[in-house]
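Structural overview
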Amino acid sequence: MKLPIYLDYQATTPVDPRVLDAMIPYFTEHFGNAASRSHPFGWEAEAAIEKAREQIAALIGASSKEIVITSGSTEAINLALKGAAEMYAEKGKHVITSQAEHKAVLDTCKHLEKLGCEVTYLQPDKTGRVSVEAVAAALRPDTILVALMWANNEVGTLNPVREIGELCHSKGVLFFSDATQAVGKVPVDVEADHVDLLCVSAHKLYGPKGVGALYVRRKGPRVRLVAQMDGGGHERGMRSGTLNVTGIVGLGKACELARLEMAEEAKRTAALRDRLEQRITSALDFVHLNGNREHRLPNCLNLSFAFVEGESLIMGISKIAVSSGSACTSASLEPSHVLRAMAVGDDLAHSSIRFGIGRFTTEADVDFAAEQVITAVKRLRELSPLYEMAQEGIDIKTVNWQAANH
Amino acid sequence: MAYSNKVLDHYNNPRNVGSLDKGSQSVGTGIVGAPECGDVMKLQIQVEGDRIVDAKFKTFGCGSAIASSSLATEWLKGKTIDEAMQIKNTQIVEELALPPVKIHCSVLAEDAIKSAIADYKKKQGEAQS
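Here the structure is a predicted model, which is why all the values come from computation and not from measurement.

**Examining helix α6 (residues 161–171) of chain A**
Residue and element names in this part refer to chain A. Within α6, the full set of buried residues consists of Val 161, Ile 164, Gly 165, Leu 167 and Cys 168. Buried positions in α6, seen along its axis, are confined to an arc of 160 degrees and lie on one side of it. Where α6 is buried, its residues contact α5 (132–138), β5 (143–147) and β6 (174–178). Immediately downstream of α6, the backbone of Gly 172 shows phi near 70 degrees, a positive value.

**Examining the nonpolar core**
Core analysis: the largest hydrophobic core is formed by 60 residues, its most contacted members being Leu276(A), Ile280(A), Phe305(A), Leu313(A), Phe355(A), Ile45(B) and Leu76(B). Sorting elements by how many residues they give to this core places helix α11 (residues 363–383) of chain A first, with nine residues. Not counting residues up to four positions away in its chain, the partners in contact with Leu276(A) are Leu301(A), Phe355(A), Ile357(A), Val366(A), Ala369(A) and Ala370(A). Grouped together as the second largest cluster of nonpolar side chains are 57 residues, Ala151(A), Ala202(A), Ala254(A) and Cys255(A) included.

**A look at the pairing of strand β1 (residues 27–34) of chain B**
Residue and element names in this part refer to chain B. Within β1, eight of the eight residues are buried, which leaves the element mostly enclosed by the surrounding structure. In this structure, β1 lies alongside strand β2 (residues 39–48), joined through eight bridges in antiparallel fashion. Along β2, the bridge assignment pairs Val 27 with Gln 46. Joining the antiparallel neighbours β1 and β2 is a turn of four residues, in which Gly 38 adopts a positive phi near 90 degrees.

**Points about the packing of aromatic side chains**
The tally for this structure, following the rule as stated, stands at seven aromatic pairs over all chains. Plain terms: the ring middles of Tyr206(A) and Phe360(A) are 5.9 Å apart, the flat faces sit at 85 degrees to each other, and that makes the pair edge-to-face. Pair noted here: Tyr206(A) is in the loop between β7 (197–201) and β8 (212–216) and Phe360(A) is in the loop between β13 (352–356) and α11, with a separation of 154 residues, a long-range link. Judged by relative accessible area, which is 2%, Tyr206(A) ranks as buried. Both rings, one in Phe286(A) and one in Phe307(A), keep their centres 5.0 Å apart while their planes meet at 75 degrees; by these two values the pair is edge-to-face. Of this pair, Phe286(A) sits in the loop between α7 (245–283) and β9 (287–289) while Phe307(A) is found in the loop between β10 (300–305) and α8 (310–316), placing the two residues 21 residues apart along the sequence. An aromatic cluster is built from Tyr6(A), Tyr9(A), Tyr206(A) and Phe360(A), whose rings are joined through pairwise contacts. Taking the ring centre of Tyr11(B) as reference, the NZ or CZ of Arg379(A) above it sits at 4.8 Å.

Parameters at a glance
- Residues numbered from 1 in each chain as written.
- Chains lettered and ligands numbered in written order.
- Predicted model: local features only at pLDDT ≥ 70, side-chain atom pairs only at ≥ 80, totals over all residues.
- Heavy atoms only, no water.
- Buried < 20%, exposed > 50% of the residue type's maximum accessible area, 1.4 Å probe, protein only.
- Helix = DSSP H or I, 4+ residues; strand = E, 2+ residues; numbered from the N terminus.
- Arc of directions from axis to C-beta.
- Contact = heavy atoms within 4.5 Å.
- Core = buried A, V, L, I, M, F, W, Y, C linked by side-chain atoms within 4.5 Å.
- Pairing = 2+ DSSP bridges.
- Phe/Tyr/Trp six-rings, centres within 6.5 Å; stacked < 30°, edge-to-face > 60°.
- Lys NZ or Arg CZ within 6 Å of the ring centre and 35° of its normal.

Set out below in structure tokens:
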């Protein structure tokens, strides 16, 4: 077994060797600029990109003409939100999103507010889900855009995208979904799900880093965006810049593999996820699932280990690579904004660990990880004054910590 | 985050983990921090005469917080109360090579020492009056 074991597939994924094989000729042999219309070097690159566009579109039920290549999800989000806000400024200035979105959406919304937009940040329920009723209640006559993620990157909760999409279409409001974690993991169909704008990132689905795509609906309604990157007018004027041919070929291949293998892979990763959870919870008490047991990604498990702090737990399980919602793992000293929005409680947010399972995870990996976690949590609880209090029957929520400090 | 070898050593082999009888007249208990802040330290001293003869801790917190309180118990043992009052968070920072974002762990450890001593002194005052 090769250590450490990678269980952070929501952060990024390794490039699938089949994807790499598809990319390699485009570094050296077929190195042309896809915008070169006057010779075969350019034509080859353009043909490769058109094929990739078809592969990307096929995975999400779109047409290849609706795919705008970007450098990744963050850029796609910026283009979708800023581009739509600017294009439809005459129609209205109200945007609806949620507090559990990725920072790429939240910070772009903050930017829109500076430009005069009004943004409603819906609070998700305790499982991280935003209901269609909550969206309906927030809609206003001047709402131009609803931006809600397909699957949450920290807890894996799936939003009721289809219902929200139907609502938006019935009200003539654009619907953007950040599907970075969802594409290739769960079925995504922009037609059936009534999505107008949607982003994809290659490195989350076994493609290379630095490339992604924005789906922009062409009819029913035709969505128009103001470009955020000016230049040579690439990507139908929506995103200028010489195309990253190798990366796009990789994204295309990754999407094709996902389309063919997703159903099997989802079944396999869900079984591993459940095995991991079962092993851990059968050996430890006070373990909480963060997220939604019914509506969730097949490959994400977020658990809080009460009375143990996340960063010290990560230190104790250094043979496995995972993420924590604890403050200490980020520079901000604030616990995860997602868990906060879900009202998990800061103490449990500090003790959360996200396990991400993927294409190359084995049963042995999961069993080893469970062992590591169980050992470390038991050891840290021996060290924990909070666990001691819990065993004495003291509810730590009722302790006045201010008074206890003096 | 990269940890110093000393932090790792205290994390992997914490010194003086445990609890003393908090009801005992000769034991001072300090509990500082709060769960929602991600750090709670419980530090206890046992005093004979004016000398600390034993110290124990339990900490909920990051590796640096565990190391800071573990180190504090090591330093406390054998010191007089007055000497213990002289322990500064900056000495802990230096000894453990804590990075700036972890300085609050050392501050908490100093607070825990002072809080345990205050509790002990309070008990002695009550005993005399």
